[in-house]
Amino acid sequence: MKLYPLFADLSQRAVLVVGGGAVAERKVAALLGAGAQVTVNAPALTVQLQRWVAQGRIAYRPGAFCEDALERAWLVVAATSDHVLNREVATLADHRQIFVNVVDDAALCSFHVPAVIDRAPLTIAISSGGEAPMLARLLRERLETLLDHSLGALATLTAGLRLRIRARLPQMAARRRFYESLFGGPVAMLLRQGRPDEAHAAAEHALASAAGAATGSVVLVGAGPGDPGLLTLRALRALNEADVILHDRLVSAEVLELARRDAERIEVGKQAGHHRITQDGIHALLLEHARAGRRVVRLKGGDPFVFGRGGEELEFLRAHGIPYEVVPGITAALACAAYAGVPLTHRDHAQSVRFITAHCQASHDTLDWAALAQERQTLAVYMGVAELGLLQQKLIAHGRAPTTPFALVENGSRPQQRVVCGTLAQLTQRAATHAVQSPALLIVGEVAALATSLAWFGAPPLGASVHPLPRARPERKPRAAARAADELLGAIHRA
Ligand code: SAH
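Residues numbered from 1 in each chain as written. Predicted model: local features only at pLDDT ≥ 70, side-chain atom pairs only at ≥ 80, totals over all residues. Heavy atoms only, no water.

Engineer: I'm lost on helix α5 (residues 151–168) in this one. Help?
Structural biologist: Residues spaced three or four apart along an α-helix point in a common direction, a consequence of the helix completing one turn every 3.6 residues. Here α5 contains 18 residues, and its C-alpha end-to-end distance of 24 Å stays within 8% of the 26 Å for a straight helix at 1.5 Å per residue. Of all the positions in α5, only G152, L154, L157, T158, L161 and I165 are classed as buried. Its buried side turned inward, α5 meets β6 (115–119), α6 (172–184), α7 (186–192) and α8 (196–208). (Helix = DSSP H or I, 4+ residues; strand = E, 2+ residues; numbered from the N terminus. Expected span 1.5 Å × (residues − 1). Buried < 20%, exposed > 50% of the residue type's maximum accessible area, 1.4 Å probe, protein only. Contact = heavy atoms within 4.5 Å.)

Rendered as structure tokens:
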């Protein structure tokens with residue numbers, strides 16, 4: 001069925017809804033939202049519909065459907081559970097040339113109600129012509145996640161400026177450039193940040209100085225640990241809007257895959273030992289692309305503010321007057337802990353957690369080892385693979401028990417994730433036996449022992465000879481239970 005899309009102005013126009021149940025109620029709510037004059041014809045009403053009648057928001061025609069109710073109606077919605085009645089309503093409406101929608105019966109409809117993404121005054125409507133409503137719904141969900149809620153405010157702001165933009169920039173090409181900079185630049189950014197007054201000021205300023213030149217911006221985005229499912233919706237949107245992406249080596253291919261196809265991707269990865277591009281080099285690139293009017297995404301593994309030098313980059317951008325935003329990401333400590341089944345805090349075992357880095361001599365000298373060696377706390381050590389020996393030695397020397405459990409998580413949240421477990425005394429030897437490579441995160445503390453019983457992702461932990469912590473609740477066997485469930489499902493499937 002090929003449909004002709006249209007948006008109808010129903011304000012002050014009569015619409016008849018036949019049926020007084022939950023489905024009718026939903027239809028009435030949407031119609032009221034569009035300002036329609038709704039009459040409901042039904043023998044009984046839901047509580048909400050009764051309330052609307054009492055408030056005078058809708059008219060009520062009690063009793064069975066009566067053809068007279070079609071009088072004056074611009075549209076009719078048949079929302080009863082009685083197919084025969086729905087068909088009768090549809091036939092009579094057709095006869096009078098009134099558009100009719102029969103809920104859940106595409107064949108009887110002369111108009112369809114699309115799936116809607118509401119960013120008023122912007123509305124996106126999706127229809128599959130009644131052929132694939134689930135697909136339309138799925139698409140709607142996707143678009144919902146992609147489109148920021150500030151879009152409505154952006155549309156309103158633009159509407160207010162439209163005539164003046166046209167006057168100031170009579171040429172179509174210049175106007176288009178101006179709109180692009182409005183939608184993709186600092187004005188949209190300020191609206192997203194919930195700063196409407198500044199957004200208006202920025203738009204006015206841009207218009208006053210408009211020769212149509214675009215201003216660039218930078219979004220510092222946390223890409224998470226690798227599993228693309230751990231990206232935030234904001235991160236996804238930024239990736240979709242980027243002209244240029246400057247990314248670290250740690251950012252996974254699956255995450256980069258989600259970025260806009262024609263965004264330029266530049267790897268500025270740095271690896272301990274062999275720096276490829278210096279931090280100054282990265283700053284220079286950020287500045288160059290932003291000044292050229294591009295939307296730059298600076299994409300970092302994990303969270304940009306956790307051992308990510310995000311602070312330095314913002315200081316630099318601020319000093320050069322480049323507008324910026326920050327989108328947090330799931331940092332390695334949180335992701336690795338979750339994906340290894342290690343709760344970083346636990347009422348019985350650890351009341352605090354520290355994120356530390358130990359990748360060079362300087363960091364070893366400045367760390368407060370006595371504090372780090374205390375019990376009942378969890379250490380999450382970043383960039384520690386090359387320094388495990390020193391770490392082990394210092395912690396034990398400052399009083400941490402050699403029997404303290406550790407979990408070393410390599411490639412956390414990625415398909416190739418490995419978890420190596422043991423005690424502090426075994427740390428270096430275990431890591432060497434399993435040839436643990438960067439990126440890996442070390443978790444030291446009583447909670448690390450829980451990996452052996454709570455692991456759920458990827459391969460089971462290696463070298464787990466640590467005695468599991470005493471359990472408050474009787475042992476559950478998640479793997480056995482899962483296997484039983486699988487077998488049951490298999491049996492049902494075969495039957
Ligand atoms: N900003 C990042 C950290 C960068 S430092 C974040 O918030 O996660 C790089 C260190 O992070 C690595 O040496 C490693 O210790 C840790 N790391 C990052 N991703 C990791 C992953 N997927 N698995 C294990 N460790 C990871």
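Engineer: Help me out: how do you make sense of the site of the ligand in this one?
Structural biologist: The environment of the ligand is made up of 19 residues, and the closest members are D303, V306, T331, G412 and A440. One nitrogen or oxygen atom from the main chain of D303 is found 2.8 Å from an oxygen atom belonging to the ligand. Backbone polar atom of A332 to an oxygen atom of the ligand: 2.8 Å apart, as the coordinates give it. Only α13 (332–340) and β17 (440–444) provide two or more residues apiece to the shell around the ligand. Here the shell around the ligand is composed, by residue class, of 12 nonpolar, five polar and two charged. (Near = heavy atom within 4 Å. Polar contact = N/O pair within 3.5 Å; in protein donor to acceptor, adjacent residues only side chain to side chain. Nonpolar A, V, L, I, M, F, W, Y, C, P; charged D, E, K, R; others polar.)

Engineer: How do you make sense of the domain arrangement of the protein chain when you look at a structure like this?
Structural biologist: Many analyses report the size of an interface as the accessible area lost when the parts associate. According to the domain assignment, the protein chain contains domain 1 (14–113), domain 2 (216–330) and domain 3 (333–454). Computed over C-alpha atoms only, the centres of domain 2 and domain 3 are separated by 28 Å. Listed by partner, the interface residues are nine residues for domain 2 and 12 residues for domain 3. Buried surface at the junction of domain 2 and domain 3, summed over both partners, amounts to about 890 Å²; 68% is from carbon and sulfur atoms. Contact with domain 3 buries surface across domain 2, with P225, L250 and F307 losing the most and accounting together for 50% of the total. Counting across the interface, domain 2 meets domain 3 through zero salt bridges. Along the contact surface separating domain 2 from domain 3 lie four residue pairs in polar contact (both at pLDDT 80 or more). Broken down by class, the residue content of the side of domain 2 that touches domain 3 amounts to six nonpolar, two polar and one charged. (Domains from an automatic or database assignment. Buried area = accessible area lost by both parts, 1.4 Å probe. Salt bridge = Lys/Arg side-chain N within 4 Å of Asp/Glu carboxyl O.)

Engineer: I keep staring at the sheet that holds strand β14 (residues 377–382) and nothing clicks. Help me out?
Structural biologist: Sheet strands pair via backbone hydrogen bonds, and the direction of the pair is either parallel or antiparallel. One open sheet holds the five strands; their spatial order is β13-β14-β17-β15-β16, and the pairing between them is mixed. This sheet does not close on itself; its edge strands, each paired only once, are β13 (352–357) and β16 (418–423). Direction aside, the axes of adjacent strands within the sheet are offset by 20° on average. Looking at chain direction, strand β15 (residues 405–410) and β16 are connected through six bridges and run antiparallel. Paired with V409 across the two strands is V419, which belongs to β16. Each of β13, β14, β15, β16 and β17 touches α13; the most contacted strand, β17, lies at about 75° to it. Of the strands in this sheet, β14, β15 and β17 touch helix α16 (residues 388–397), which is tilted by about 10° from β17. (Pairing = 2+ DSSP bridges. Axes fitted to C-alpha atoms, helices over the stretch in contact; angles between N-to-C directions.)

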